[in-house]
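What follows is each chain in one-letter form.
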Amino acid sequence: MKKILLTGALGQIGTELTDKLRKTYGTDNVIATDIRENDSHVVKDGLFEILDVTDAAAMAEIAQKHKVDTIIHLAALLSATAEAKPLLAWNLNMGGLVNALEVSREQNCQFFTPSSIGAFGPITPKSLTPQDTIQRPTTMYGVNKVAGELLCDYYYHKFGLDTRGLRFPGLISYVAPPGGGTTDYAVEIYYEAIEKGSYTSYIDKGTYMDMMYMPDALNAIVNLMEADPAKLKHRNSFNVTAMSIEPEMVAAEIRKHIPSFTLDYNVDPVRQSIADSWPDSIDATAAKEEWGFEAEYDLEKMTKDMLTKLEEKKA
Ligand code: SER
């Protein structure tokens, strides 16, 4: 039976992953942690502890107290925030990761942390970016992600730690908002379609990035964690994706449900240049072959579900 410690449990992924893990492995087998508290189900409906991931001793103590055998480390700053505060991003993203890896090593835990399409850079092949290719990102977030992928590989090879990871594309969801990411437009557009019937995008027309709907991301995490280790050649940083899209495509799909929806642009040069340095589309063949990755939601199916769920939330 797994006993799982989650960091960053109140973030966009953690809020929904905590729920899924409690349902899958039992409420008492999931210890959600975050640097803050709120009044969500994550805090109220199960085990929850305040944890600053840069505090190694506190992390070790919580892991020991609950006798965890799995650590899912999600706490991190996203790309746009990391670009605004690069030193903080280095300290939090790398400091938190190395602490979580060390606690996993000391307490012999299975380990998961997400990487990102942000681990690629402007000289990476842009279309159907292969699993193993040139990375060389130009953002602090990307530097953190590449270093993180390598560090997880290192802990596997050096210490035999069972590290696993995914390179997530932009994740679209309706429960908790993302914060400070470059791909956030693809979440905001749905919220504003419902609230205002229009959206002003900070990402320019024709800018393709990969995206995935949250239910597919959560399944991917659980399936990779459960995958037969003998079949994994890559372990950390598997490319996963469900769609390669640009703002006009999302708008066209929204108009099938809200015909009067309008999209215009006020491009943010910082986030646009981050987006321009990332792939247009990535190739998830290795994830499909090594542990059977599959995404259920394409743009059409996701749009229908997002708009329905956001309408329900509003009512
Ligand atoms: N969604 C993330 C970001 O935009 C990418 O990993 O920063």
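If you look the protein up in an unreviewed UniProt entry, it shows as L-threonine 3-dehydrogenase from Bacillus mesophilus. Heading Sequence similarities (unreviewed entry) of the UniProt record for the protein holds this comment: "Belongs to the NAD(P)-dependent epimerase/dehydratase family."

All residues in the neighbourhood of the ligand are listed as Leu-78, Ser-79, Ser-116, Tyr-141, Gly-181, Thr-182, Thr-183 and Trp-278. In this structure, an oxygen atom belonging to the ligand sits 2.8 Å away from a side-chain N or O atom of Tyr-141. With respect to the ligand, the backbone of Thr-182 contributes an N or O atom lying 2.6 Å from an oxygen atom. A total of 240 Å² of accessible area belongs to the ligand in isolation, and the protein chains cover 92% of it. Put simply, the ligand lies in the largest pocket. Partitioned by chemical class, the residues of the shell around the ligand number three nonpolar, five polar and no charged.

The grouping of Leu-87, Trp-90 and Val-143 at the surface amounts to a nonpolar patch, some 290 Å² of accessible area in total. With respect to the secondary-structure elements, Leu-87 resides in helix 5 (residues 86–106). For Leu-87, a relative accessible area of 62% translates into the label exposed.

Along the chain, Asp-216 turns up in helix 8 (residues 214–226). Comment: no salt bridge for buried Asp-216; closest opposite-charge side chain is Lys-301, at 7.6 Å. A polar atom in the side chain of Asp-216 sits 2.8 Å from the backbone nitrogen of Glu-296. With residues up to four places along the chain from it excluded, the contact list for Asp-216 reads Glu-294, Ala-295, Glu-296 and Tyr-297.

Parameters at a glance
Residues numbered from 1 in each chain as written. Predicted model: local features only at pLDDT ≥ 70, side-chain atom pairs only at ≥ 80, totals over all residues. Heavy atoms only, no water. UniProt positions renumbered as here; feature names shortened; annotations may be inferred. Near = heavy atom within 4 Å. Polar contact = N/O pair within 3.5 Å; in protein donor to acceptor, adjacent residues only side chain to side chain. Areas by Shrake-Rupley, 256 points an atom, 1.4 Å probe, with all protein chains shown as cover. 1 Å grid on protein atoms, 1.4 Å probe; cavity = no way out; pocket = protein on both sides within 12 Å on 5 of 7 lines; lining within 4 Å. Sits in = over half its atoms within 2 Å of the grid points. Nonpolar A, V, L, I, M, F, W, Y, C, P; charged D, E, K, R; others polar. Patch = residues over 30% accessible without salt bridge, like charges linked within 9 Å, V, L, I, M, F, W, Y side chains within 5 Å. Salt bridge = Lys/Arg side-chain N within 4 Å of Asp/Glu carboxyl O. Helix = DSSP H or I, 4+ residues; strand = E, 2+ residues; numbered from the N terminus. Buried < 20%, exposed > 50% of the residue type's maximum accessible area, 1.4 Å probe, protein only. Lys, Arg positive; Asp, Glu negative; His and termini not counted. Contact = heavy atoms within 4.5 Å.

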